[in-house]
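# What the coordinates show
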Amino acid sequence: MMRQLFDRKIHDIKKYIIILTLFTCLLLSACGKTEQAESIPKAPSVEEHKSETESQPESELKFQPESKLSETSLSEIPNSEPPQEEDTHPYDFTICFAGDINLDENWCTTQYLNTRENGIKDCISPELLTHMNNADIMCLNNEFTYSLRGTPLNGKAYTFRANPERVEILHEMGVDIVKLANNHVYDYGMDALLDTFETLENAGIAYMGAGRNLEQAMTPVYIELDDKTVAFVAASRAEKNKMTPQATEEKPGILRCYDTELFLESIKEAKSNADFVLAYVHWGTEYSYDLEEVQLTTGKDYLDAGADVIIGAHSHCLQGMEYYDGKPIIYSLGNYWFNEKTLDTMLLDLHFYGDDEESRLDVKVIPAIQSGYCTNIVTEQEEKDRIYSFLEEISVNVTIDEMGQVLESDE
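Residues numbered from 1 in each chain as written. Predicted model: local features only at pLDDT ≥ 70, side-chain atom pairs only at ≥ 80, totals over all residues. Heavy atoms only, no water.

### Some remarks on helix H4 (residues 126–134)
Each turn of an α-helix holds 3.6 residues, which means side chains three or four residues apart point in the same direction. Where H4 is concerned, the buried positions are Leu128, Leu129 and Met132. Viewed end-on, H4 has its buried residues packed into an arc of 100°, placing them on one side of the element. The exposed residues of H4 that point more than 90 degrees off its buried face are Pro126 and Asn134. Lining the buried residues of H4 we find strand E2 (137–142), helix H5 (167–172), strand E15 (335–337), strand E16 (343–354), strand E17 (359–371) and strand E18 (374–377). (Buried < 20%, exposed > 50% of the residue type's maximum accessible area, 1.4 Å probe, protein only. Helix = DSSP H or I, 4+ residues; strand = E, 2+ residues; numbered from the N terminus. Arc of directions from axis to C-beta. Contact = heavy atoms within 4.5 Å.)

### Quick word on the nonpolar core
With 44 residues, the main nonpolar core has Leu170, Met173, Val178, Leu200, Tyr336, Trp337 and Leu347 as its most contacted residues. For this core, the secondary structure elements donating two or more residues are strand E1 (91–101), helix H3 (108–114), H4, E2, H5, helix H6 (189–202), E15 and E17. If you look at the next biggest cluster of nonpolar residues, it comprises 41 residues, including Tyr91, Ala313, Leu350 and Ile400. (Core = buried A, V, L, I, M, F, W, Y, C linked by side-chain atoms within 4.5 Å.)

### Some details on the environment of Cys257
Positionally, Cys257 belongs in the loop between strand E10 (253–254) and helix H8 (261–273). Taking C-alpha positions, Cys257 is 9.0 Å from His282, a pair spaced 25 residues apart along the chain.

### Thoughts on the pairing of E18
Examined bridge by bridge, E17 and E18 share 4 bridges and lie antiparallel to one another. The residue bridging Ser371 from the neighbouring strand is Cys374, located in E18. Where E17 folds back onto E18 in an antiparallel hairpin, the turn is made up of 2 residues, including Gly372, whose phi is positive at roughly 55°. (Pairing = 2+ DSSP bridges.)

### Section: unusual backbone geometry
One non-glycine residue, Asp226, lies in the positive phi region at around 50°. Relative to the helices and strands, Asp226 resides in the loop between strand E8 (221–225) and strand E9 (228–236). Not every positive phi belongs to a glycine, and Tyr287 is a case in point at roughly 55°. As for its position among the elements, Tyr287 is in the loop between strand E11 (276–282) and helix H9 (293–305).

### Regarding the pattern of salt bridges
Counted by the stated rule, this structure contains 12 salt bridges. One salt bridge in this structure joins Arg166 and Glu105, with 2.8 Å as the shortest N-O distance. In this pair, Arg166 sits in the loop between strand E4 (161–162) and H5 while Glu105 sits in the loop between E1 and H3, placing the two residues 61 residues apart along the sequence. The buried category is assigned to Arg166, whose relative accessible area is 16%. Linking Asp308 and Lys271 is a salt bridge whose minimum nitrogen-to-oxygen distance equals 3.5 Å. With Asp308 in the loop between H9 and strand E12 (309–313) and Lys271 in helix H8, this residue pair connects regions lying 37 residues apart in the sequence. A relative accessible area of 33% places Lys271 in the partly exposed class. Within this structure, Arg149, Asp191 and Asp195 form a network of salt bridges that share partners. (Salt bridge = Lys/Arg side-chain N within 4 Å of Asp/Glu carboxyl O.)

### Thoughts on the confidence of the model for the chain
The predicted structure's coordinates, where accompanied by low pLDDT, should not be read in detail. Mean pLDDT over the chain works out to 86, with 79% of the residues at or above the 70 mark. Here residues 13–19 is a poorly scored stretch, pLDDT under 50, and it has 0 contacts once near neighbours within four places are set aside; other chains count. The low-confidence segment residues 22–80, where pLDDT is below 50, has 24 contacts with residues more than four positions distant or belonging to other chains. (pLDDT = per-residue confidence, 0-100.)

### Digging into H8
The terminal C-alpha atoms of H8, which comprises 13 residues, lie 19 Å apart, in line with the 18 Å expected from a rise of 1.5 Å per residue. Taken as a whole, H8 has its buried residues at Phe263, Leu264, Ser266, Ile267 and Ala270. Buried residues of H8 fall within an arc of 155° about the axis and therefore sit on the same side. Along H8, exposed side chains directed more than 90 degrees from the buried face belong to Glu261, Lys268 and Ser272. Tucked into the core, H8 has its buried residues touching helix H7 (214–218), E8, E9, E11 and H9. (Expected span 1.5 Å × (residues − 1).)

### Focus: the side chain of Ser332
Position of Ser332 among the secondary structure elements: in the loop between strand E14 (327–330) and E15. Its relative accessible area of 0% is what places Ser332 among the buried residues. One polar contact links Ser332 to Ser315, side chain to side chain, over a distance of 2.8 Å. Once residues lying within four places of it in the same chain are set aside, the contact partners of Ser332 are Gly312, Ala313, His314, Ser315, Cys317, Leu318, Gln319 and Gly320. (Polar contact = N/O pair within 3.5 Å; in protein donor to acceptor, adjacent residues only side chain to side chain.)

What follows is the structure, encoded as C-alpha cells:
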C-alpha cells in the first residue's frame, strides 16, 4: 500500500513538472511575439499619412531609385515624377530633284513611250525609278502644259502640250511636286495653263512658281516632314523673247525673276514660315556649261534672302555647282528625260537630318545618262568618276567623292 501511495505521488510530481514546463514555454513564446509585434511600425491612418506628407520636404517625397516598387507604378507613389526624355526633335528625310521632262503628245520622247510595253518603266531605268519613289519628296521640272485646249503661241519655235491623262506618269515616277515656272507652261495659252493647274490638283501633285493670279504664283508650297516645315518656291528668267507672262492680280501666269524683287519677297515669306527653303530657278543659257553672270550674282542674293538650297534648270545640260556661305547652289540639273540627245544627267539627293541643336545637309549626285529616248543610271565606277570629274571641272568650289557626295572645296 505504501509503495503504491509513493508511486502515485511521484507520478503527480512528474505531471506537475511537465505542466509547469509547458506553461513556461507558452509564456516565453507569447512574450517573444509581443516584443516582435512592438518592433513593426504601425501603418498610419489616412489622416496621419496626409499630415506627415504635408510636413515633409519635397526632396524626401520623391521616388528613390533604391526602393523596390514590386507591381506599384510610379503614378501611385505620392509626388513621384517619371523620368523625363531629352527634349529634342530629331528628323531625317530626303528630297530628290530631277531636271526637265517632256510629255508632249507630238514629241519624240512621248512617241517612243507609246511604243513601249511597260511605258515609262521602259524609258527610265528601274534603279532611278525606285530611287525617285523612295524619296520622301520627289520634285522635277514640268516643261509642258496639260490640256486638250488652246492653240500654239505665235512665233514660238517649240510648243509642248500633253493630254491630261499623262499626269499618271508622274505618279509612276513618284513625283510629289513640280516646277511650273518655266518657258513652256504657257505654250497653248491661258486656258491650257488653267487646265494644267486643275490636272495637277486633281492628281494630288503640288506645283510652284505659277498660279491663277500673282499671289498664288508667289505663295510658297509648304510640306511637313518629321515635324519640320520645308518650303518650295520657284521663278523663271529663261526667255530672251518674253512670251510666257507673269501672273497678275487678275490673270494666271508664272512668277518671273528678271527683276528679282518679287522672288526675293517670296523667299523671305517662305523663310519666316519654314525650317528649310528650297528655291528652284529657271535660268541660264541652253546647251552651255558656262554660267551667266546673273546666275552667279542672283543665286547668292536668293541665299541671302533665306533660301537654303538653290536648284537650277533650263540649260538642258548639267551646269556646275557652288557653295556660298556654306549653302549649295546647283546651277542646272539639265535634261532628265526630255529628248533623244546623249547627255549626262543626274538625280540630286538632299538629305536633311539632325535635331533642334544641330542641322545637317548632305548633297549627293546619282549619275545617269539620257540617250536615245531613255535615261539610265550609271553603275560602272569609271563612268561615275568621269561625270563627277566633269562636274568638278565646271563648278566653282566643290569636290565630289567616289560615292557622289558633294563637298565644299577650299579652292
